[in-house]
Amino acid sequence: MKRNNRMTRVNDEITKELANIIRGELKDPRIGVMTSVLRVETTQDLKYCKIFISVLGNDEEKKEVMKGLKSASGYIRHLLAERINLRITPELMFRLDDSVEYGIKMSKLIEQIRNEPPVGEGGPYEE
């Protein structure tokens, strides 16, 4: 579905404000420093907003961060309504996005393969 310029601007503005709110204004100890907003997808009618969050840490820390964001969603929505001039402030739905960690894992695997000697030059399959 093609996104128009207005929705792109709205999503960018929400992303920027959410990053500022999560980084500096939430006092919930469950929400750690290594939490970042990757992208935002808002529906055309501005009723709902999916927020894709990246959390660096183990699975238990990720669950706690998501619980903290879910419990603070009303407060975050209130702050967004004060800062962004929209007729309707969307309902916030937080989603965990593991794409950053997956990318780091794949980069390590590629580097590991790159550092192995090629077959025929003393590699593991040499007879």
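All of these numbers come straight from a predicted model, not from anything done at the bench.

Asker: What is the right way to read the packing of aromatic side chains from this model?
Answerer: In this description, a pair of aromatic rings is defined by centroid distance and the angle of the planes. Going through the model one piece at a time under the given rule, you end up with zero aromatic pairs. The positively charged end of R39 is found above the aromatic ring belonging to F52, 3.9 Å away from the centroid.

Asker: Sorry if this is basic, but what is going on with unusual backbone geometry here?
Answerer: Glycine aside, residues mostly have negative phi, and peptide bonds are mostly found in the trans state. Despite not being glycine, L46 has its phi angle at roughly 60°, a positive value. Here L46 shows up in the loop between β1 (35-42) and β2 (48-55). Overall, L46 belongs to the buried group, its relative accessible area being 7%.

Asker: What should I look at first to understand a nonpolar patch on the surface in this one?
Answerer: Among the surface-exposed residues, V33, M34, L38, L56, V100 and I104 lie close enough to one another that they form a single nonpolar patch of about 520 Å² accessible area. Assignment of secondary structure puts L38 in strand β1. According to the relative accessible area criterion, L38 is partly exposed, its value standing at 33%.

Asker: Looking at this structure, how should I read the packing of helix α1 (residues 5-24) against helix α3 (residues 73-83)?
Answerer: Each packed pair of helices is defined by two parameters, the angle between the axes and the distance between the axes. Where α1 contacts α3, the two axes come as close as 10 Å, and the packing angle between them is 125°. One finds that α1 runs oblique with respect to α3. In terms of crossing hand, the pair formed by α1 and α3 is right-handed. For the pair formed by α1 and α3, the contact residues are I14, E17, L18 and I21 on the first element and I76, L79, L80 and R83 on the second.

Asker: What am I meant to see in helix α2 (residues 59-71) here?
Answerer: The first and last C-alpha atoms of α2 sit 18 Å apart over 13 residues, in line with the 18 Å expected at 1.5 Å per residue. Of the positions making up α2, those classed as buried are K62, V65, M66, G68 and L69. Summarising the axial view, the buried residues of α2 lie within an arc of 160°, below the 170-degree limit, and thus occupy one face. What points out from α2, more than 90 degrees from its buried face, is the exposed set D59, K63, K70 and S71. Residues of α2 that are buried in the fold lie against α1, β1, β2, α3, β3 (91-96) and α4 (99-115).

Asker: What exactly am I supposed to notice about the environment of R83 here?
Answerer: Along the chain, the position of R83 falls in helix α3. When the C-alpha atoms of R83 and E17 are compared, they prove to be 7.8 Å apart, with 66 residues separating the residues in sequence. In contact with R83, other than residues within four places in its own chain, are E17, I21 and E25. Side chain to side chain, R83 and E17 meet in a polar contact 3.4 Å long.

Definitions and cut-offs
- Residues numbered from 1 in each chain as written.
- Predicted model: local features only at pLDDT ≥ 70, side-chain atom pairs only at ≥ 80, totals over all residues.
- Heavy atoms only, no water.
- Phe/Tyr/Trp six-rings, centres within 6.5 Å; stacked < 30°, edge-to-face > 60°.
- Lys NZ or Arg CZ within 6 Å of the ring centre and 35° of its normal.
- Helix = DSSP H or I, 4+ residues; strand = E, 2+ residues; numbered from the N terminus.
- Buried < 20%, exposed > 50% of the residue type's maximum accessible area, 1.4 Å probe, protein only.
- Patch = residues over 30% accessible without salt bridge, like charges linked within 9 Å, V, L, I, M, F, W, Y side chains within 5 Å.
- Areas by Shrake-Rupley, 256 points an atom, 1.4 Å probe, with all protein chains shown as cover.
- Salt bridge = Lys/Arg side-chain N within 4 Å of Asp/Glu carboxyl O.
- Axes fitted to C-alpha atoms, helices over the stretch in contact; angles between N-to-C directions.
- Parallel < 35°, antiparallel > 145°, perpendicular 65-115°, else oblique.
- Left-handed = near helix turned anticlockwise from the far one by under 90°.
- Contact = heavy atoms within 4.5 Å.
- Expected span 1.5 Å × (residues − 1).
- Arc of directions from axis to C-beta.
- Polar contact = N/O pair within 3.5 Å; in protein donor to acceptor, adjacent residues only side chain to side chain.

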